[in-house]
Amino acid sequence: MLFTEIKAYIDSLNIHAIPEDRQTILIELRNFVRETLAQNEAANLIFICTHNSRRSVLGQVWAQVAAARYGIPNVTAFSGGTETTACNPRTIAALLRAGLEVSKMTGGENPVYEISYDAEQPAVIAFSKVYDQSPNPMENFAAIMTCDHADDNCPYIPGAEKRFSITYTDPKEADDTPAESETYDARCRQIATEMRYVFSKV
């Protein structure tokens, strides 16, 4: 069962405010999930941005949460980058403000985080990695490009059944400014809203 605060957060998101052009792309992702599950296969989703530190992590987390909210089994969300850095602490802070529970499993320059949203579901494991690095699947997955740089520089993702361009403005633009928290919260909420839209229609 979803944590009470997380369920309230998801249910507060206004999917009707999503622009029509975004809805068109999101419906394509919905169709992939629906068709994959209809074939009794697991729907694996890898959210990809350059550093796997902000937008791709938010996509991974909220896709998994939204699938749980709507009782859709056999969906596993992953994330990756075109290079390895670290999951940005500002991303983690935004997820905490949204009501998720986060534990740091390892230290070092690229910590591994355990992000919990449901008492009965496995936690999301988040850390910066290249998109074809374990535990990400090597085949039979959809690649969701969440940043323009990765989208432009990775026109082909080996092993992907489908590739979707669902890009977001980088909240990094507000780092170390008075608007930092507000900007990260807005991007967190935007991505959560769009993942709710996808899974509410599966």
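Residues numbered from 1 in each chain as written. Predicted model: local features only at pLDDT ≥ 70, side-chain atom pairs only at ≥ 80, totals over all residues. Heavy atoms only, no water.

**Student:** What exactly am I supposed to notice about the pattern of salt bridges here?
**Tutor:** When charged atoms on two side chains of opposite charge get close, those side chains can pair. Per the counting criterion, the structure on display carries nine salt bridges. Residues joined by salt bridges that share partners form a network here, namely R54, R90, D175, D176 and E180. (Salt bridge = Lys/Arg side-chain N within 4 Å of Asp/Glu carboxyl O.)

**Student:** Please explain the nonpolar core as it appears in this structure.
**Tutor:** L45, W62, M195 and F199 are the most contacted members of the largest nonpolar core, which totals 51 residues. Not counting residues up to four positions away in its chain, the partners in contact with L45 are L29, F32, V33, A63, V75, T76, A77, F78, A142, I144 and F199. Core analysis: the second largest hydrophobic core is formed by 12 residues, I46, I48, F141 and C154 among them. (Core = buried A, V, L, I, M, F, W, Y, C linked by side-chain atoms within 4.5 Å. Buried < 20%, exposed > 50% of the residue type's maximum accessible area, 1.4 Å probe, protein only. Contact = heavy atoms within 4.5 Å.)

**Student:** What should I look at first to understand unusual backbone geometry in this one?
**Tutor:** Peptide bonds are trans in most cases, and residues, glycine excluded, mostly fall at negative phi. Cis geometry marks the peptide bond from S134 to P135, where omega comes out at 10 degrees. You can see P135 is positioned in the loop between β5 (124-126) and β6 (141-145). The backbone of N40 shows a phi angle near 60 degrees, a positive value even though the residue is not glycine. Mapping N40 onto the fold places it in the loop between α2 (20-38) and β1 (43-48). (Helix = DSSP H or I, 4+ residues; strand = E, 2+ residues; numbered from the N terminus.)

**Student:** Mind showing me how you'd approach the sheet that holds strand β3 (residues 101-104) here?
**Tutor:** Backbone hydrogen bonds hold the strands of a sheet together, and the pairing may be parallel or antiparallel. Across the sheet, three strands lie side by side as β3-β4-β5; this open sheet has antiparallel pairing. In this open sheet, the two edge strands, each paired with only one partner strand, are β3 and β5. Between one strand and the next, the sheet's axes are offset by a mean angle of 25 degrees, whatever the strand orientation. Judged from the four bridges that link them, β3 and strand β4 (residues 113-116) form a sheet pairing that is antiparallel. Bridge pairing in β4 links K104 to Y113. (Pairing = 2+ DSSP bridges. Axes fitted to C-alpha atoms, helices over the stretch in contact; angles between N-to-C directions.)

**Student:** So what exactly am I meant to see when it comes to helix α1 (residues 4-11) here?
**Tutor:** Side chains that are three or four residues apart share a direction in an α-helix, a result of its 3.6 residues per turn. Of all the positions in α1, only I6, Y9 and I10 are classed as buried. In an axial view of α1, the angular spread of the buried residues amounts to 95 degrees, which keeps them on one side of the axis. Where α1 is buried, its residues touch α3 (55-69) and α6 (180-200). (Arc of directions from axis to C-beta.)

**Student:** Explain the pairing of β6 to me, please; I cannot follow it from the model alone.
**Tutor:** Taken residue by residue, a regular strand's side chains alternate between the two faces of the sheet. Most of β6 is tucked away: five of the five residues are buried. Looking at chain direction, β1 and β6 are connected through four bridges and run parallel. When the bridges of β6 are listed, F47 appears paired with I144. Direction of pairing for β6 relative to strand β7 (residues 160-165): parallel, over a ladder of five bridges. Within β7, the residue paired with A143 across the bridge is R163. For the handedness criterion, the β-α-β arrangement of β6, helix α5 (residues 148-153) and β7 is classed as right-handed. (Right-handed = clockwise from strand over helix to strand, strands pointing away.)

**Student:** Honestly, the packing of aromatic side chains in this entry has me stumped. Any pointers?
**Tutor:** The relation between two aromatic rings is expressed through the spacing of the ring centres and the mutual angle of the planes. Going through the model one piece at a time under the given rule, you end up with two aromatic pairs. Ring geometry for F32 versus F164: centroids 6.2 Å apart, planes at 70 degrees, classification edge-to-face. Here F32, found in helix α2, pairs with F164, found in strand β7; they are 132 residues apart in sequence, far enough to count as distant. Across the pair, F164 and F32 agree in class, each one buried. The ring of Y168 is capped by R22, whose NZ or CZ atom sits 4.9 Å from the centre of that ring. (Phe/Tyr/Trp six-rings, centres within 6.5 Å; stacked < 30°, edge-to-face > 60°. Lys NZ or Arg CZ within 6 Å of the ring centre and 35° of its normal.)

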